[in-house]
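Each chain, written out:
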Amino acid sequence: MIRKLGKDGYSVDKDMTSYSLFIVMKSRLLAAFRGFWYKLFLKKSEGILFVGKGCQLKHKHKISLGKTVTIDDGVEINALSRRGVMIGNNVTIKKNTIIECTGVIRELGEGIRIGEHTGISQNCFIQVRGFVDIGSRVIFGPNVSVFSANHNFNNPDVPIMDQGESQKGVIIEDDVWLGSGCIILDGVKIGTGSVVAAGSVVNRDIPPYAVVGGIPATVLKSRKE
């Protein structure tokens, strides 16, 4: 059944007992019922949607989903933005993650796209001001933060909050692994196949297939060597 939902080659661990599997399936069934209700209000949803307990999906008419999307317990998505929230097939967003597309209505965020087979772990925060483009088969470790805006602060005689923001956006290409607790700052492009070490702060572009780490993150080696 899982393979038919789009998880090619998926198999259940041989040590999974029938009782444990029953508990998992019961939870998924309840999540599917919640998802059926949410689907009535979304802009588009192409397949089964699993929604956990305590989720907050705001401006649902701005959300477009592919097939077999899982939104876990306590996830918050504020989709108010110019281009909305676009999520591909077989995407999982784990517990307590926040996707915030607009902070104040005087300036809407651009929107976010998440490709297929991407997994976002627990407690991640994605701030959408400039456009955030996340590719396919991307792994977010727990507590990853993405910021797509910067406060301007050039004039010391004007409060920073009154100087506006720059919004360049963030691009994370396919097959990237973002380690736990790393921070991705505005204007960054992370190339295909790259790995960002846990706790790193990325403030500049990362070439494809690079392994980077540190504050700020620097290239440690290439996966192509």
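Refer to the structure printed above.
For every chain, the first residue of its written sequence is number 1, and the numbers climb from 1 along that sequence. At least 70 in pLDDT is required for a residue's local features to be given in this predicted model, at least 80 for side-chain atom pairs to be given and counted, and no such filter applies to totals for whole chains, interfaces and linings, which use all residues. Processing note: side-chain calculations cover all non-hydrogen atoms of the structure and skip hydrogens and water entirely.

A. Examining the side chain of Ser200 more closely. The residue Ser200 is located in the loop between strand 22 (195–196) and strand 23 (201–202) in this model. According to the relative accessible area criterion, Ser200 is buried, its value standing at 1%. In this structure the side chain of Ser200 is engaged in a polar contact, spanning 2.8 Å, whose partner is the backbone oxygen of Ala197. By the criterion applied in these results, polar contacts are pairs of N or O atoms within 3.5 Å in which, for protein atoms, one can donate a hydrogen and the other can accept it, and in which residues neighboring in sequence qualify only through two side-chain atoms. In this structure the side chain of Ser200 is engaged in a polar contact, spanning 3.1 Å, whose partner is the backbone nitrogen of Gly214. In DSSP terms, a helix is any run of H or I states spanning at least four residues, a strand is any run of E spanning at least two, and both are numbered starting from the N terminus. Per-residue accessibility, obtained with a 1.4 Å probe over protein chains only, is compared with the maximum for each type, and a residue is labelled buried under 20%, exposed over 50%, and partly exposed between these values.

B. Examining the packing of aromatic side chains more closely. Each Phe, Tyr or Trp ring, with Trp reduced to its six-membered ring, pairs with another whose centre is within 6.5 Å; inter-plane angles below 30 degrees give stacked pairs, above 60 give edge-to-face pairs, and intermediate values give tilted ones. Summed over all chains, the structure comprises two aromatic pairs. Pairing Trp37 with Phe41 gives two aromatic rings, centres 5.0 Å apart and planes at 70°, and the pair type is edge-to-face. A residue is classified by how much of its surface remains accessible, and Phe41, at 40% relative accessible area, is partly exposed. Note on Phe125 and Phe147: the rings are 5.8 Å apart at their centroids and 55° apart in plane angle, and the pair reads as tilted.

C. Representation of the pairing of strand 24 (residues 210–213) within the structure. The alternating pattern of strand 24 places Ala210 and Val212 on one face and Val211 and Gly213 on the opposite face, and all of these are buried. For strand 22 and strand 24, the ladder comprises two bridges, and the chain directions are parallel. Note on strand 24: the bridge partner recorded for Val195 is Val211. Paired strands are those between which DSSP finds at least two bridges. Judged from the four bridges that link them, strand 24 and strand 25 (residues 218–222) form a sheet pairing that is antiparallel. Bridge pairing in strand 25 links Val211 to Lys221. Taking the residues that link successive antiparallel strands as the turn, the strand 24-strand 25 hairpin has four residues, and the phi of Gly214 there is positive, at about 110°.

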